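# An overview of the molecular structure
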Amino acid sequence: MTTAQPLDVQPTPLALLLLGREADPKSERGVECPGDLPSPSDPDLVARARAAKEKLGDKVFVLGHHYQRDEVIQFADVTGDSFKLARDAAARPEAEYIVFCGVHFMAESADILTTDDQKVVLPDLAAGCSMADMATAEQVAECWDVLTDAGVADVTVPVSYMNSSADIKAFTGKHGGTICTSSNAKRALDWAFEQGEKVLFLPDQHLGRNTAVRDMGMSLEDCVVYNPHKPGGGLTAEQLRDAKMILWRGHCSVHGRFSLESVEDVRTRVPGVNVLVHPECKHEVVAAADYVGSTEYIIKALDAAPAGSKWAIGTELNLVRRLANAHPDKEVVFLDKTVCFCSTMNRIDLPHLVWALESLAEGKLVNRIQVDRETEGFAKLALERMLALP
């Protein structure tokens, strides 16, 4: 009888990141967060945050994304979606510190758009975006080689969603493309098709597909999905030549949870309900909804809705709860029965915010997000093309 030998299993780089045993400053996930955090049970956390913020005065500007916890959002000087917040930061050149309560790619965008004298701080370095991590610079460079081999790179314009890393934004700028948000995706695609015959849309396949089919009249057959985990993206050269939209195989882990069954179920449970969803949802969900729009669109739609109306909203739960509390005269429910916060966005809590603010108040710069000059230059070029869209 032979003795079983122990298996020599080496953890993958991703596993190490998720375990918090390695750090990758360019990754959206599993980044180490140094510092001694105050206890979440500390009853003085709110007072400590207020005191540190008051001590810093105009030197600090706190940005709060709509998906943040209420305990954090109460300290935000402005709230909004990722691009609105980055622009708000750029409009405050007197603020030495920009504390971004959001995720990694958002803080990168703020660093790109602010001055060299301003310092962008992310209270928890592990606050990231799984969608942004679905497209790495190496994978996208390999994709461009595949398009080149297929003879279509010269007629393809990259359009990258705001929810992407600085590296992907830089790739986009370097190759003549632009950035888009969920509210201006159609304008960005209109512009791109004036420059070329095809679009490589990164990294959210659903926003790209929904915009192309729902807003621009293309067919589902005009779209193909490039899978970076398959040789050649899992596509033939003929498929790439025939396609108009080459969609990256990425998605939002929150919005991707909503299903056609969710829509059908809520219509049964809440007769007369209006279904309002984000365009990061799957195409069949968007097609079955009554209204589709960005986070800002969703907020404005609820503000303008008549009293007594009923709404099922397909987006992140923190925002849906906040909207329900802000509109007691309307019935507002989460589209899905399953509670679903954005797990990485939710990482920034009051202890992390207090630690960051108190550190800055003591003159210690922590968790700075800084994009290197070359990456910043090309990424800013792509962002400026978006700003110049008609």
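Residues numbered from 1 in each chain as written. Predicted model: local features only at pLDDT ≥ 70, side-chain atom pairs only at ≥ 80, totals over all residues. Heavy atoms only, no water.

Turning to the nonpolar core, a few remarks are in order. In this structure, Val99, Phe201, Met245, Val277 and Leu357 are the most contacted members of the largest nonpolar core, which totals 108 residues. If you tally residues by element for this core, the top one is helix H15 (residues 350-361), at eight residues. With 20 residues, the next largest nonpolar core counts Ala153, Ile168, Val224 and Trp248 among its residues. (Core = buried A, V, L, I, M, F, W, Y, C linked by side-chain atoms within 4.5 Å. Buried < 20%, exposed > 50% of the residue type's maximum accessible area, 1.4 Å probe, protein only. Helix = DSSP H or I, 4+ residues; strand = E, 2+ residues; numbered from the N terminus.)

On to the state of the cysteines, then. Tallying each qualifying case throughout the model produces zero disulfides. With no disulfide of its own, Cys223 lies closest to Cys180 among cysteine sulfurs, the gap being 14 Å. Under the relative-accessibility criterion, Cys223 is labelled buried at 12%. (Disulfide = S-S within 2.5 Å.)

All right, on to the sheet that holds strand E5 (residues 156-161) then. Across the sheet, which stays open at both edges, the five strands sit in the order E6-E5-E7-E9-E8 with parallel pairing between neighbours. Edge strands, defined here as strands with exactly one partner in the open sheet, are strand E6 (178-180) and strand E8 (223-226). Across the sheet, the mean angle separating the axes of adjacent strands is 25° when strand polarity is ignored. Bridge count between E5 and E6: three bridges; the pairing is parallel. Paired with Val159 across the two strands is Thr178, which belongs to E6. Running over the sheet, helix H8 (residues 185-195) touches E5, E6, strand E7 (198-202) and strand E9 (245-248) and is turned about 165° from E5. (Pairing = 2+ DSSP bridges. Axes fitted to C-alpha atoms, helices over the stretch in contact; angles between N-to-C directions. Contact = heavy atoms within 4.5 Å.)

Detailed reading of the predicted coordinates is not advisable wherever pLDDT falls low. Summarising the model, the protein chain shows a mean pLDDT of 90, and 91% of its residues fall at 70 or more. A low-confidence stretch, residues 1-10 stays under pLDDT 50, and its non-local contacts, those more than four residues away or across chains, total zero contacts. For residues 14-20, every residue scores under 50 in pLDDT, and the model assigns this stretch twelve contacts once sequence neighbours within four places are set aside. (pLDDT = per-residue confidence, 0-100.)

Turning next to the environment of Met106. Looking at the secondary structure, you find Met106 in helix H5 (residues 104-113). According to the relative accessible area criterion, Met106 is buried, its value standing at 3%. Spatially, the C-alpha atom of Met106 lies 7.1 Å from that of Ala86, the residues being 20 residues apart in sequence. Those residues in contact with Met106 that lie beyond four places of it in its chain are His65, Ser82, Phe100 and Met345.

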